[in-house]
Amino acid sequence: MYGEIAADPPVDRPLPDDEWAPASAGNSTDILSRDFHNMKLASAVRACLGASLVLTLHAQIDERPIPRVVKRDGRFALFVDDAPYLILGAQVHNSSTWPVTLPKVWPAMEFLNVNTVEMPIYWEQLEPRQGQYDYSMIDTVLTQAREHRVRLVLLWFGTWKNGSQHYMPEWMKLDPVRYPHMVDRNGRAVDSPSPYAAASLEADKAAFTAFMRHLREADPQRTVIMVQVENEAGTWGAVRDYSPAAQKLFEAPVPPEVLTAMQVKTTSPSPNWQEAFGSEAEVCFHAWSVAKYVGQVAAAGKSVYPLPLYANAALRDPLRPGAPGTYESGGPTDNVLAIWKVAAPALDILAPDIYQNDPAAYLKVLELYHRDDNPLFVPETGGAANARFIFSALGFQTIGFSPFGMDYSRGHDTGPGSRQPDEFNAWAMNYRLLGPMQREIARLNFEGRLKAVAEVPPKVSETLPLGDWNAVVSYGARRNNQAVGNAEPAGRALVAQLKDNQFLVTGFFCRVDFRPADPDKHRQFLRVEEGTYENGDFKFLRIWNGDETDWGLNFASEPVVLRVLLATY
Ligand code: DGJ
């Protein structure tokens, strides 16, 4: 087996780009049905906009395609400007979407080299008096994001924020009869909104729809690429609502679509929640109730502007889950994802907020949320040591990744909730490497050509099968000595197959080598090009050989990207 070079390239010049280009992608017929729905909605929306407004917008700005989630050959991508896009994001602190705080946001984002900023929009600020909407903050963030050349994911802090109703407008908070809290087993009010409150649901639907309608009109550039509906919806302090109305529903038969989604088999043809789910009955019931509510808010917003929508989850321990009541109840935790999918089809993604520090737990979360019916997206995470897991997430075909609280509003080196400089550095390191090649990575991942991993002790090496080759990633290897692992497990690697014998390779604190799948053959490097990506193009810098390739391809803390051409002997 030999590498496929058309003609002898001079050694001091790069292979022409078309020699490296992957073969064309598979067919694209398997687009999610909701994308067709989105497209239909999009044209309906355009039709409804009113000719004069459309003409005015078109006269000023080219209207770009609406971002959408696409599924093809079993893999997902977030399409932005009609091509796969990888969110290299950061989320601001909760109280940072204010004119006074934004100057402390943008320098942090610039330092991090993000391409997308996640920013909350507050219901209490949008609708200070019922029915009167103030869009000024949305317009401010749109303008400033464009000035700073980043995209936005806006977070709708509506009925739920971390399980509570703290972002409901004051006129709602002061009327708990109309906009009720949940009640616990003893009939006491809980600091969490009732998912059965019809007036709250109607008010949230109206406000979220107004927000989305405004976005549709104010953002033909698609600066906003996705919207989060609510924030960590669910309840702390009670597993479900115990109000008389809720109790009646809990004792009623489970909707058949829930039984099907959860693959429940009982002797009773129409079991109630307790009969169907036993010890998980209350959490399943609450998940159904919360997801129905959030799903209706999402659907209302989507009907006016079909952007991708997602809901985020405060997780339960993925490896050793405690009993219901030990984690936030009702949100899209891993045990009730199927219920959320059937209750809230307007949501494109159910996304985990990953604050696990145990690497095994971290990886398990990625695995649990990467499903055939759910693209993986990590909208919140944290910890300098976890920065390497963006590579693991890429290995699970993530559409994006975003650490939380990455602005300078709380001081970036002191104070509770602040982020230490090493955390900023850890994320910036990833994003400086991946930023210039994000479109390439998103496309290669969507085409199923990419493998990526991060170091998890005690494993010191791992093998990534790629066609006729195995890429062997190892950590803490020196010259021809055995890999022993890094002192701090900071290793991470990405390998993408461009053609049969050609690979794109990058990473930090690791070695990547290749072994032919055929054990009777040996690997030889025909050509190892180091380069950099500029605006999506690979720019050749030099050829690696000698010490740089004799024991494999070694990556340290510098951002290095290689294109590798292999052969066997
Ligand atoms: C998860 C929430 O979703 C965020 O808004 C924030 O509260 C973090 N937890 C913790 O700071």
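The structure reproduced in this document is the subject of the present report. (Residues numbered from 1 in each chain as written. Predicted model: local features only at pLDDT ≥ 70, side-chain atom pairs only at ≥ 80, totals over all residues. Heavy atoms only, no water.)

Things to note about the site of the ligand
(1) Moving on: By nearness alone, every residue bordering the ligand is listed as Asn-94, Lys-161, Asn-162, Asn-231, Glu-232, Asn-312, Asp-353, Tyr-355, Glu-380 and Phe-404.
(2) Moving on: For the ligand, an oxygen atom lies 3.0 Å from a polar atom in the side chain of Lys-161.
(3) Moving on: The side chain of Glu-232 places a nitrogen or oxygen atom 3.3 Å from an oxygen atom of the ligand.
(4) Moving on: Protein chains shield 75% of the accessible area of the ligand, which is 290 Å² for the free molecule.
(5) Moving on: Classifying every residue of the shell around the ligand gives two nonpolar, four polar and four charged. (Near = heavy atom within 4 Å. Polar contact = N/O pair within 3.5 Å; in protein donor to acceptor, adjacent residues only side chain to side chain. Areas by Shrake-Rupley, 256 points an atom, 1.4 Å probe, with all protein chains shown as cover. Nonpolar A, V, L, I, M, F, W, Y, C, P; charged D, E, K, R; others polar.)

Some points on the nonpolar core
(1) Moving on: Formed by 121 residues in total, the largest nonpolar core has its most connected members in Met-119, Phe-211, Met-212, Leu-215, Trp-273, Trp-340 and Leu-347.
(2) Moving on: Not counting residues up to four positions away in its chain, the partners in contact with Phe-211 are Ile-121, Leu-126, Tyr-135, Ile-138, Leu-154, Trp-156 and Val-227.
(3) Moving on: Counting residues in each nonpolar core, the second largest holds 23 residues, with Val-473, Phe-503, Val-512 and Val-560 among its members. (Core = buried A, V, L, I, M, F, W, Y, C linked by side-chain atoms within 4.5 Å. Buried < 20%, exposed > 50% of the residue type's maximum accessible area, 1.4 Å probe, protein only. Contact = heavy atoms within 4.5 Å.)

Some words on helix α14 (residues 359–369)
(1) Moving on: Those residues of α14 not exposed but buried are Ala-361, Tyr-362, Val-365, Leu-366 and Tyr-369. The buried residues of α14 occupy one face: seen down the axis, they fall within an arc of 145 degrees.
(2) Moving on: The secondary structure elements touched by the buried residues of α14 are β10 (309–314), α13 (337–343), β11 (349–354), β12 (380–381), α15 (389–395) and β13 (400–401).
(3) Moving on: Put simply, Asp-358 is the residue that caps the front of α14, since its side-chain oxygen is 3.0 Å from the backbone nitrogen of Ala-360. (Helix = DSSP H or I, 4+ residues; strand = E, 2+ residues; numbered from the N terminus. Arc of directions from axis to C-beta.)

Some points on the pattern of salt bridges
(1) Moving on: A complete count under the given rule lists 26 salt bridges for this structure.
(2) Moving on: The salt bridge partner of Glu-282 is Arg-240, with a shortest N-O separation of 3.0 Å. Here Glu-282 is found in helix α12 (residues 281–304), whereas its partner Arg-240 is found in the loop between β9 (224–231) and α9 (244–251), with 42 residues between them in sequence.
(3) Moving on: Owing to a relative accessible area of 16%, Glu-282 belongs among the buried residues under this scheme.
(4) Moving on: Judged by relative accessible area, which is 3%, Arg-240 ranks as buried.
(5) Moving on: Two residues, Arg-371 and Asp-373, come together in a salt bridge whose shortest N-O distance is 2.8 Å.
(6) Moving on: Exposure remark for Arg-371: the relative accessible area of 26% places this residue in the partly exposed category.
(7) Moving on: By relative accessible area, which is 31% here, Asp-373 ends up partly exposed.
(8) Moving on: Three or more residues joined by partner-sharing salt bridges are found here, namely Glu-440, Arg-443, Glu-447 and Arg-449. (Salt bridge = Lys/Arg side-chain N within 4 Å of Asp/Glu carboxyl O.)

Description of the pairing of strand β15 (residues 461–466)
(1) Moving on: Going residue by residue along β15, you find Glu-462, Leu-464 and Leu-466 tucked away on one face and Ser-461, Thr-463 and Pro-465 left uncovered on the opposite face.
(2) Moving on: As paired elements, β15 and strand β16 (residues 469–474) share six bridges and run antiparallel to each other. Residue pairing for β16: Ser-461 is matched across the bridge by Ser-474. (Pairing = 2+ DSSP bridges.)

Notes on the sheet that holds strand β19 (residues 510–516)
(1) Moving on: The strand order β15-β16-β19-β22 describes an open sheet built from four strands, whose pairing is antiparallel. The open sheet has two edge strands, β15 and β22 (553–555), and neither has a second partner. Across the sheet, the mean angle from the axis of one strand to that of its neighbour is 25 degrees, orientation sign disregarded.
(2) Moving on: Sheet topology places β19 next to β22; three bridges connect them, and they run antiparallel. Across the sheet, residue Cys-510 finds its bridge partner in β22, namely Phe-555. (Axes fitted to C-alpha atoms, helices over the stretch in contact; angles between N-to-C directions.)

A few points about empty space enclosed by the protein
Any empty space left between atoms is shown by rolling a water-sized probe over those atoms.
(1) Moving on: Evaluation of the coordinates by the stated rule reveals two cavities of 30 Å³ or more.
(2) Moving on: Put simply, the largest cavity is a space of about 90 Å³.
(3) Moving on: In terms of lining residues, the largest cavity is bounded by 14 residues, among which Tyr-85, Thr-398, Ile-399, Ala-442 and Asn-445 are the most central.
(4) Moving on: Among the elements that make up the lining of the largest cavity, the one with the highest residue count is helix α17 (residues 438–446) (four residues).
(5) Moving on: Partitioning the lining of the largest cavity into residue classes produces 11 nonpolar, three polar and no charged. (1 Å grid on protein atoms, 1.4 Å probe; cavity = no way out; pocket = protein on both sides within 12 Å on 5 of 7 lines; lining within 4 Å. Points joined across faces, edges and corners; volume = space filled by probe spheres on them.)

Regarding the environment of Val-190
(1) Moving on: If you trace the backbone, Val-190 turns up in strand β8 (residues 189–193).
(2) Moving on: With a relative accessible area of 8%, Val-190 lands in the buried category.
(3) Moving on: Each C-alpha atom, one on Val-190 and one on Ala-238, is 7.4 Å from the other, the two residues being 48 residues apart in sequence.
(4) Moving on: Setting aside residues no more than four positions away along its own chain, Val-190 makes contact with His-181, Met-182, Val-183, Asp-184, Thr-235, Trp-236 and Ala-238.

Describing the side chain of Glu-529
(1) Moving on: Along the chain, the position of Glu-529 falls in strand β20 (residues 523–534).
(2) Moving on: Only 3.0 Å separates the side chain of Glu-529 from the side chain of Arg-527, close enough to count as a polar contact.

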